[in-house]
Amino acid sequence: MAVDQRLELHALLPALVEAGLITPDIARRVSALPADSTLHPLECIAAHGPCLETLTQWLARHAGQPYLRIDPLNIDVAAVVPLMSHGFAQRHGILAIAVDTHTLTVASAQPHVTGWEAGLAQVLKRSIKRVVANPQAIQRCIGEFYRLAKSVSGADQKVPVPGNFDLLNLGASDQEPDANDAHIVNIVDWLLQYAFAQRASDIHIEPCREQGRVRFRIDGLLHDVYQFPPQVTMAVVSRLKSLGRMNVAEKRKPQDGRVKTKSPAGAEVELRLSTLPTAFGEKLVMRIFDPQVLLKDFDQLGLSSEDQQRWHAMTRQANGIILVTGPTGSGKTSTLYTTLKQLATREINLCTVEDPIEMVEPAFNQMQVQHNIDLTFASGIRALLRQDPDIIMIGEIRDQETAEMAIQAALTGHLVLSTLHTNDAPSAISRLQELGIAHYLIKATLLGVMAQRLVRVLCPHCKQAAGEVYEAGGCTECRNSGYRGRAGVYEIMVLDDTLKPLITAGTDVQALRQAAIAHGMCDLRMAGMGKVNAGLTTLAEVLRVTPGGR
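As the structure is a prediction and not an experimental result, all values here were calculated from the model.

Novice: What is the right way to read the overall build of the chain from this model?
Specialist: Each helix and strand counted, the chain has 20 helices and 18 strands in total. Across its three principal directions, the C-alpha atoms of the chain cover 90 × 60 × 45 Å. Looking at the chain as a whole, 50% of its 550 residues are labelled buried. Accessible surface for the chain amounts to roughly 25800 Å². Of this, 51% is attributable to carbon and sulfur atoms. Separation of charge centres in the chain, based on 54 positive and 57 negative side chains, amounts to 2 Å.

Novice: What should I look at first to understand the environment of A78 in this one?
Specialist: By the secondary structure assignment, A78 is in helix α5 (residues 77-80). Under the relative-accessibility criterion, A78 is labelled partly exposed at 37%. Taking the C-alpha atoms as reference points, A78 and F228, 150 residues apart in sequence, are found 8.5 Å from one another.

Novice: What should I look at first to understand the nonpolar core in this one?
Specialist: Nonpolar side chains in soluble globular proteins generally cluster together in the buried interior. Grouped together as the largest cluster of nonpolar side chains are 66 residues, with contacts concentrated most on I70, I203, I205 and F216. No other element matches the ten residues that helix α8 (residues 135-157) contributes to this core. Ignoring any residue separated from it by four or fewer positions in sequence, one finds I70 in contact with I75, L95, I97, A107, A133, A137, I138 and C141. Of all hydrophobic cores here, the second largest spans 47 residues; its members include V369, I381, L435 and V532.

Novice: What exactly am I supposed to notice about the confidence of the model for the chain here?
Specialist: Do not read the predicted coordinates in detail wherever pLDDT is low. Across the chain, the average pLDDT comes to 88, with 94% of residues at 70 or higher. Mean pLDDT across the secondary structure elements of the chain bottoms out at helix α11 (residues 298-301), with 83, and peaks at strand β10 (residues 320-325), with 97. Counting interchain partners and residues more than four positions distant, the pLDDT-below-50 stretch residues 160-175 has 18 contacts.

Novice: Whenever I open this one, helix α18 (residues 509-518) confuses me. Can you help?
Specialist: Residues that lie three or four places apart on an α-helix share one face, since the helix turns once every 3.6 residues. The set of residues buried in α18 consists of V509, L512, R513, A515 and A516. Looking straight down α18, one finds its buried side chains confined to an arc of 165 degrees; they lie on one side. Its buried side turned inward, α18 meets α16 (427-434) and β18 (483-494). A side-chain oxygen of the first residue of α18 lies 3.1 Å from the backbone nitrogen of Q510; this N-cap is D508. Trailing α18 by a residue or two, G520 shows a phi angle of about 100 degrees, which is positive.

Novice: Is there a simple way to think about the pattern of salt bridges in this case?
Specialist: A side chain of one charge can pair with a side chain of the opposite charge if their charged atoms are brought near each other. As enumerated under the stated definition, the model contains 21 salt bridges in all. Residue K260 pairs with E270 through a salt bridge whose shortest N-O separation is 3.2 Å. Here K260, found in strand β7 (residues 255-262), pairs with E270, found in strand β8 (residues 268-278); they are ten residues apart in sequence, far enough to count as distant. Of the residues examined, E270 reaches a relative accessible area of 8% and is grouped as buried. Through salt bridges that share partners, E206, R213, R215, D224 and K283 make up one connected network.

Novice: Where do I start with the sheet that holds strand β1 (residues 94-99) in this structure?
Specialist: Within the open sheet, the three strands sit side by side as β1-β2-β3. Their pairing is mixed. Unpaired on one side and paired on the other, β1 and β3 (127-132) mark the two borders of the sheet. If you compare each strand with its neighbour and ignore which way they point, the axes differ by 30 degrees on average. As defined by bridge partners, strand β2 (residues 103-108) adjoins β3 across six bridges and the pair is classed as parallel. Along β3, the bridge assignment pairs T103 with S127.

Novice: What is the right way to look at the packing of helix α1 (residues 9-18) against helix α4 (residues 52-63) in this model?
Specialist: Two quantities define a packed helix pair, namely the angle between the axes and the distance from one axis to the other. Relative to each other, α1 and α4 sit at 100 degrees, their axes nearing to 12 Å. One way to sum up the angle between α1 and α4 is to call them roughly perpendicular. In this structure, α1 contributes L12, A15 and L16 to the contact, and α4 contributes L55, W58 and H62. Split by residue class, the contact of α1 with α4 holds five nonpolar, one polar and no charged.

Novice: Teacher, can you tell me more about unusual backbone geometry here?
Specialist: Glycine aside, a negative phi is what most residues show, and trans is what most peptide bonds show. Backbone torsion omega between D355 and P356 reads -10 degrees, so that peptide bond is classified as cis. Position of P356 among the secondary structure elements: in the loop between β11 (350-354) and β12 (365-368). With a phi close to 60 degrees, R199 is a non-glycine residue in the positive phi region. Among the secondary structure elements, R199 is positioned in the loop between α9 (182-197) and β4 (202-206).

About the cut-offs
Residues numbered from 1 in each chain as written. Predicted model: local features only at pLDDT ≥ 70, side-chain atom pairs only at ≥ 80, totals over all residues. Heavy atoms only, no water. Helix = DSSP H or I, 4+ residues; strand = E, 2+ residues; numbered from the N terminus. Buried < 20%, exposed > 50% of the residue type's maximum accessible area, 1.4 Å probe, protein only. Areas by Shrake-Rupley, 256 points an atom, 1.4 Å probe, with all protein chains shown as cover. Lys, Arg positive; Asp, Glu negative; His and termini not counted. Charge placed at Lys NZ, Arg CZ, Asp CG, Glu CD. Core = buried A, V, L, I, M, F, W, Y, C linked by side-chain atoms within 4.5 Å. Contact = heavy atoms within 4.5 Å. pLDDT = per-residue confidence, 0-100. Arc of directions from axis to C-beta. Polar contact = N/O pair within 3.5 Å; in protein donor to acceptor, adjacent residues only side chain to side chain. Salt bridge = Lys/Arg side-chain N within 4 Å of Asp/Glu carboxyl O. Pairing = 2+ DSSP bridges. Axes fitted to C-alpha atoms, helices over the stretch in contact; angles between N-to-C directions. Parallel < 35°, antiparallel > 145°, perpendicular 65-115°, else oblique. Nonpolar A, V, L, I, M, F, W, Y, C, P; charged D, E, K, R; others polar.

If you want it as structure tokens, here you go:
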């Protein structure tokens, strides 16, 4: 039987120098260090500069085993954790990654240590497939996965599950673990930290009959993350509701709340919570507001230099209305906040009326709409107009009264910025007319409209050239999606003297669109094609998010 061979630092150094991954100078410095048995040899070397992930990839090739970059989102934690004890995983530095009826995939950073294989294969009655993974990632995941599993089972054991568990028992509070129970606190902390690490924009906690599930939205698409027993799901929702200062006892009505917390990097993060009663209990969705949004400039948002000039020309006006349009989740709020942040100087009184306040920003005076006390957008604007404002931001124009108040504010010498749900920029004119605004008032006040969408940006690590453009590849950095992050595409229609005559009682949107394009407006699809030609995204992605057929 082969003897286990642990990796030796002095044996690895010459091979790494030969492979060109470290310099002879680094090798000398590392070999002169006192031996540290707590660290993996690759970690000792990585402390002197080389990337640990790159060293791990080399080790996999060197040992002739497959390399795996651990992505917790692709691991069914609830299924793999029970396969081996925490002590066994810790002792051997191994982590179960995937399991099916015949095979167990195990990650290890010691490719020549095989002593644990036979026993595990025998107990689980499965063959073992080995992969080499980053030793730090293995240790971190062992800690996180087992701590989480312990919290979930600890919380679940506190619940006496009745024999005939059916829908009637779901809302019964005596079966729920205490929301302040240490296990539940642990689960919620893990959930938030994990969401920040994965760049999630939303967390969905959904109760189902058998198992509650957690999903994250990353770059616009939802990913399954974890499953909890039904009562644990309920307790997690209760814990988050109490953090969000919502009524924990009220489970029949939808509620809204907000939580402020810190990301692992120390940045303040704002979470917006929303609950919805469903057949199996309350569903909770958390929207995570990226604090970086307020620090982004227009280049980072994706505006071209010509678009920036046109946008700044509009926002420099002393009075009038500027609209940002697009569907939910198209980045309108980010654009408005970035714009307002630049406009909010010490000489300007900038007031907002929002529903709800998306991100708290000290440079603005922000007011929250509260329907239960009749503080609506319209009554909010009416109050703001007595506050000597220079610039007013209205979260959204949804009805005739709000639209009329916005027009009133613009006519009395204020700059008004707001959002509207329309497909493209020219359609904003017909939408205002549908809301009952006369064409001559639109002509007198509207400075311009910007429509926008978010396209996924090609992952820089794996995008592949295909002739003049690039296509999505797929690598561990982007979870094999081919994309990483998002950027905006914009269509800016400036209402100048050539376009204003086209705004009539029955505005022909098609004619207005053609005239705007003739006068330099770049429509959403053309703007998207610019991003395709620049190698930032793909044609398929642009066609997916931009309106077409014109």
